[in-house]
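Each chain, written out:
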Amino acid sequence: MTDNASARPLRPATLLLHGALERTPFGETSEAMFLTSGFVYDSAEQAERTFTGEVSHYQYSRFGNPTVSAFEQRMALLEGAEACRATATGMAAVSSALLSHLKAGDRIVAARALFGSCHWIVANLLPRYDIECVFVDGADLAQWREALSVPTQAVLLETPSNPMLEIVDLRAVCDLAHAAGAMVVVDNVFATPLGQKPLELGADVVVYSCTKHIDGQGRVLGGAVLGRAKWVEDVLQPFIRNTGPAMSPFNAWVLLKGLETMALRVEAMAANAARIADFLAASPAIARVWYPFRADHPQEALARAQMSNGGSLVAFEVRGGKAEAFRLMNALRLVAISNNLGDSRSLATHPATTTHMRVGAEERARLGITDGVIRLSVGLEDALDLEDDLGAALSALDAREAAE
Ligand SMILES: *Cc1c(COP(=O)(O)O)cnc(C)c1O
C-alpha cells in the first residue's frame, strides 16, 4: 500500500488508515487480530533457520507478533521514523528506551517538568544503577547549556509539559545535547504524533503512551518507542526481547482502530480546547489560564513554531486554592474527575493532590503547580455543552463569593 501504490508519500490522515495494511488471503477489510502467543514451523530445519536468522518467521509474541508489527509499522510511517517497537504501557516505553541505552557511570539530563513516573525513573531508579541525573528547568536554555557542558549520554524531556504546558525549544536543546554526545528522548504524548514532529527538530527517539490520544477512547494501555533502525535493532530490541515489556496483540488491534480516527479526534479536541481556554480566561473566578496557543502563554511563539495545534490540554488556576478548586470540580456534571488524559470524554485533574502529590510541596512550587491549579483534558463533546457545564460550576463559586 505505502511502498508501491504511488510515488507520492501518503498524507497523515490516509496513512492512519492504509499504512502497513497487510491482508490475509481471506481479504478482510479490517486488520486481522493474531491472538497467539507462539508460532509453529513446517520443519525442524525451518525452526533452526529462523533462529539463525536465515529465514524470517515469527517465533514468539514477546519478540514480535503480526498485529503488533502492523501497529509498529503504521506508527513509524506516521512519525517519519525508521523503526518502532510497541510496549505494554507508556512507562514501559520510557523505561526501555532509557535502560537499554544507559549503563553505570553514564549521565542523564532531564527537564524537571516530567510525567510523575518519568520523574521517578530519572530521580530514583537510574541513580541505583550509578547513572548520574541532573534536572533543569525545561524552558531555560541557559540551564540546559550549563548541564550539557560536560559529556552526557541521554536527555529526556516532555513538551508541552504536564501539567503546566511549558514548552521546551526542541531544536536548541537537541543541538546542545548532541554536542555533549547525548541521545535525545522526547515524550511527545501531549502534542501527539500529528501535532509535533520531534525527529524533524533533531530528536533521536520519540516515546508515546498510546493509552492517551492514540487509543483516545479509554480502553487499553500501550506504549511506543520510535527511532533509527540501527538503534532499535541493536540496542532496544534485545532489551525488549529479553526483559518482556511486549504489547498484547489485542491491545495493538484496538490501537490500530484508534489510529484510524486519530486525526479527526485530535483536531476536534484541540479546537475545543482552544475555545475552552478562552472561555475560562474570561471568568473572574479564574486567576490564570495556560494554553500553548494563547497570546498570554509566555512561549506562544515557540509553541506555534514547533507545534501545528495547541493540543487538547488546558491548565487553569482557580482563585481561592484547593477549597475552591475542589468546589469547582465537584460541581461539574459533564466533565469527569480523573487523573487520565487524551480521552474522547473531557476529564479534570487536581494535580497537587493526585498526579503530582508524590513530587512534594517544594518541587510543586518550583513547577508552578499551586493548590488552585486544575488540568483539563478537553474531549469531543460539543463545546457549547462544555461551556454550559464549566459555566454552571463557575457561577456556583461566584454565588458563594457574593454571599460571603
Ligand atoms: C500517561 C503518560 C505516560 C505513561 O504512560 P502509561 O501508558 O500510563 O504507562 C508517560 N508520559 C506522559 C506524558 C503521559 O501522559
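Structure: see above.
Description of the structure in this document. All values reported here derive from a predicted model rather than from experimental measurement.

Scanning the protein chain from terminus to terminus reveals 14 helices and twelve strands. Taking 404 residues into account, the globule formula puts the C-alpha radius of gyration at 22 Å, and the protein chain, at 22 Å, falls close to it. Oriented by its inertia axes, the alpha-carbon framework of the protein chain measures out at about 85 × 50 × 35 Å. With 404 residues in all, the protein chain has 52% of them scored as buried.

Another aspect to go through is a nonpolar patch on the surface. A surface patch of nonpolar side chains, about 280 Å² in accessible area, is lined by M33, L35 and F250. Considering the arrangement of structural elements, one finds F250 in helix α10 (residues 249-281).

Taken as a whole, this structure holds 18 salt bridges when the rule is applied. With a shortest N-O distance of 3.9 Å, E72 and R85 are connected by a salt bridge. Of this pair, E72 sits in helix α3 (residues 66-79) while R85 sits in strand β1 (residues 83-87), and the two are 13 residues apart along the sequence. For R85, a relative accessible area of 15% gives the class buried. A salt bridge links D296 to R294, with the shortest nitrogen-to-oxygen separation between them at 2.8 Å. The class of R294 is buried, set by a relative accessible area of 17%. Put simply, E31, R74, K257 and E260 are held in one network by salt bridges that share partners.

The buried fraction of strand β6 (residues 205-209) is high, at five of five residues. Going residue by residue along β6, you find V205, V207 and S209 tucked away on one face and V206 and Y208 tucked away on the opposite face as well. Bridging between β6 and strand β7 (residues 223-227) involves four bridges; their strand directions are antiparallel. Across the sheet, Y208 pairs through a bridge with A224, a residue of β7.

Right, let's talk about the site of the ligand for a bit. In the vicinity of the ligand there are 13 residues, among which M91, D187, S209, T211 and K212 approach most closely. G90 is positioned such that a nitrogen or oxygen atom in its backbone is 2.9 Å from an oxygen atom of the ligand. Take M91: an N or O atom from its main chain is 2.9 Å from an oxygen atom of the ligand. Coverage of the ligand by the protein amounts to 91% of the 380 Å² it exposes when considered alone.

Parameters at a glance
Residues numbered from 1 in each chain as written. Predicted model: local features only at pLDDT ≥ 70, side-chain atom pairs only at ≥ 80, totals over all residues. Heavy atoms only, no water. Helix = DSSP H or I, 4+ residues; strand = E, 2+ residues; numbered from the N terminus. Rg over C-alpha atoms; globule rule 2.2 N^0.38 Å. Buried < 20%, exposed > 50% of the residue type's maximum accessible area, 1.4 Å probe, protein only. Patch = residues over 30% accessible without salt bridge, like charges linked within 9 Å, V, L, I, M, F, W, Y side chains within 5 Å. Areas by Shrake-Rupley, 256 points an atom, 1.4 Å probe, with all protein chains shown as cover. Salt bridge = Lys/Arg side-chain N within 4 Å of Asp/Glu carboxyl O. Pairing = 2+ DSSP bridges. Near = heavy atom within 4 Å. Polar contact = N/O pair within 3.5 Å; in protein donor to acceptor, adjacent residues only side chain to side chain.

By themselves, these figures tell us nothing about what the structure is for.
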